[in-house]
Structure formats: structure tokens, C-alpha cells
Amino acid sequence: MILLRLFWEFFKTGLFAVGGGMATLPFLYSMAEATGWFTAAQLADMIAVSESTPGPIGVNMATYVGFTVAGIPGAIIATLGLIAPEVIIILIIARVLQKFRQNKLVDAAFYGLRPCSVGLIAAAGLLVVKVAMLHVDLYFQTGRLAELVDWKAILLAAVLIVLTRWVKKTKKLHPIFFILGSALVGVVLSF
């Protein structure tokens with residue numbers, strides 16, 4: 001039964017997450033609340049692992065969650081659930097677009113999906129910032145504004161921005177060096 005639920009949850013995510021892997025994040029936060037399979041903090045770790053491994057982040061996330069919930073069969077089922085809607089939709093669209101390639105309504109519909117994708121990706125980015133850089137629960141417990149912000153995470157983000165944008169020697173380094181460096185800083189500083 002858990003495999004069927006995994007397939008269904010990720011099928012819905014794949015069907016409605018327009019805009020790529022980052023657009024799946026709001027759906028994953030909702031899934032975490034609805035199913036209890038993982039927490040928001042665990043999701044932040046999953047995002048880090050999924051972004052640092054090869055492949056699309058949405059597929060990596062589905063595989064990771066599926067494996068966490070039900071092992072290897074869960075990983076396979078969750079991944080299939082995520083990609084099934086895209087495969088079905090692409091086959092249908094390819095068939096229909098052959099007939100309506102120059103239709104202005106079809107072109108306008110695709111153009112209209114762009115703001116939706118931007119909104120979903122922006123929402124995902126804000127949720128990642130909330131989990132990675134803010135301690136909302138701790139703030140509500142103590143009521144102290146200083147407890148709201150994770151200063152170590154903000155300092156690390158600031159250093160990474162400086163190194164990737166303005167320091168000539170590090171500006172052209174491959175992103176994997178920054179990922180590995182951030183992981184090392186996280187271990188050393190006990191993030």
C-alpha cells in the first residue's frame with residue numbers, strides 16, 4: 001500500500017510541478033506535512049544531496065524520498081510516479097502540436113505557463129531560505145529576534161556569493177568545489 005501511495009503522491013507532483021525540479025519543492029513540503037514521511041529539516045538535507053548528485057533535482061528528490069520511505073522498490077516507484085505524467089503529457093502534446101503548431105492560442109498557453117513556473121521556483125527558493133537560514137520555531141519559543149536568524153548560514157552564504165561573483169581566482173571554479181567546501185564548513189562548524 002505504501003508503494004501505491006508513493007506513486008500517487010509523486011504522480012501528482014510530476015503532473016502539477018511546472019518549471020523543473022525546483023518547482024517540485026512546494027509539493028514536497030506539502031507531502032511532508034500530509035504524510036509525515038520526512039520533516040522540513042530532512043527535506044533540506046535531501047535538497048542538498050539531490051543538488052550535489054548528477055541528474056535532475058526533481059528525479060533525485062523522488063528517488064531519495066522513495067528510498068527513505070520504502071527502500072529500493074520505493075525509490076523506483078517514486079521516480080516512476082514523478083516522470084510518468086511528463087511522459088504522458090509529452091506524448092499527447094507532440095501528437096497535438098503536429099496539428100496546432102502555428103495556433104496562437106497554443107502559443108499563448110505556453111507563454112502563460114512561464115509566470116507559473118517562476119512563481120513555483122520562487123516559492124521553493126523562499127522555503128529553502130526559511131529552512132536553511134531561519135529558526136522560526138526557536139524564535140517562537142524564545143521570542144528573541146536574535147534567535148530567528150542562523151548567522152553561520154548567512155555568513156557562509158555571503159562568503160560563497162563573494163567568492164563566486166567578485167573574487168577572480170575563485171569565480172571560475174567548478175561548483176563542486178563550493179559544494180564540498182560548504183560541506184566541510186558545515187561539519188567543522190556543526191551546522
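None of these values were measured; they are calculated from a predicted model. (Residues numbered from 1 in each chain as written. Predicted model: local features only at pLDDT ≥ 70, side-chain atom pairs only at ≥ 80, totals over all residues. Heavy atoms only, no water.)

Re the packing of aromatic side chains
Stated precisely, the cut-off is as follows: Think of it this way: a Phe, Tyr or Trp ring, Trp meaning its six-membered ring, pairs with another when their centres are within 6.5 Å, and the plane angle makes it stacked under 30 degrees, edge-to-face over 60, tilted otherwise. Each helix corresponds to a stretch of at least 4 residues labelled H or I by DSSP, and each strand to a stretch of at least 2 residues labelled E; elements are numbered beginning at the N terminus.
Inspection of the entire model under this criterion finds three aromatic pairs. Ring geometry for W8 against F11: centres 6.2 Å apart, planes inclined by 15°, an arrangement best described as stacked. Linking W8 with F11, this pair stays in helix α1 (residues 2–16), spanning three residues, or about one helical turn. What links up through ring pairs into an aromatic cluster is the set F7, W8 and F11.

Overview of a positive patch on the surface
The condition that has to hold: Residues enter patches when they are more than 30% accessible in relative terms and free of salt bridges; like-charged ones are connected within 9 Å and nonpolar ones (Val, Leu, Ile, Met, Phe, Trp, Tyr) within 5 Å. All accessible areas in this document rest on Shrake-Rupley with a 1.4 Å probe, and a residue is counted as covered only by the protein chains that are shown. The working definition used for a salt bridge is a side-chain nitrogen of Lys or Arg within 4 Å of a carboxyl oxygen of Asp or Glu. Under this rule, positive means Lys or Arg and negative means Asp or Glu; His and the chain ends count for nothing. Each charge is placed at NZ for Lys, CZ for Arg, CG for Asp and CD for Glu.
Taken together, the side chains of R165, K168, K171 and K172 define a basic patch exposed on the protein surface. Inspection of the secondary structure assignment puts K172 in the loop between α8 (168–171) and α9 (175–188).

Overview of the packing of helix α3 (residues 40–52) against helix α4 (residues 57–100)
Which entries qualify depends on this criterion: Think of each axis as a best-fit line through the C-alpha atoms, taken over the contacting stretch in the case of a helix, with angles from 0 to 180 degrees between the N-to-C directions. For classification purposes, angles smaller than 35 degrees are called roughly parallel, those larger than 145 roughly antiparallel, those between 65 and 115 roughly perpendicular, and all remaining angles oblique. In a left-handed crossing the near helix is turned counterclockwise from the far helix by less than a right angle, and in a right-handed crossing that turn is clockwise. Contacts were defined at the residue level, with two residues in contact if any of their heavy atoms lie within 4.5 Å. In this count, Pro and Cys sit with the nonpolar residues alongside Ala, Val, Leu, Ile, Met, Phe, Trp and Tyr, while Asp, Glu, Lys and Arg are called charged and the others, Gly among them, polar.
Interaxial distance between α3 and α4 falls to 9 Å at its minimum, and their mutual angle equals 130°. One way to sum up the angle between α3 and α4 is to call them oblique. Note on packing geometry: the crossing formed by α3 with α4 is right-handed. Counted together, L43, M46, I47, V49, S50 and E51 of α3 and I57, N60, M61, Y64, V65 and T68 of α4 form the full contact between these two elements. Residue composition of the contact of α3 with α4, by class: eight nonpolar, three polar and one charged.

Note that all results are geometric; they support no functional claim without further evidence.
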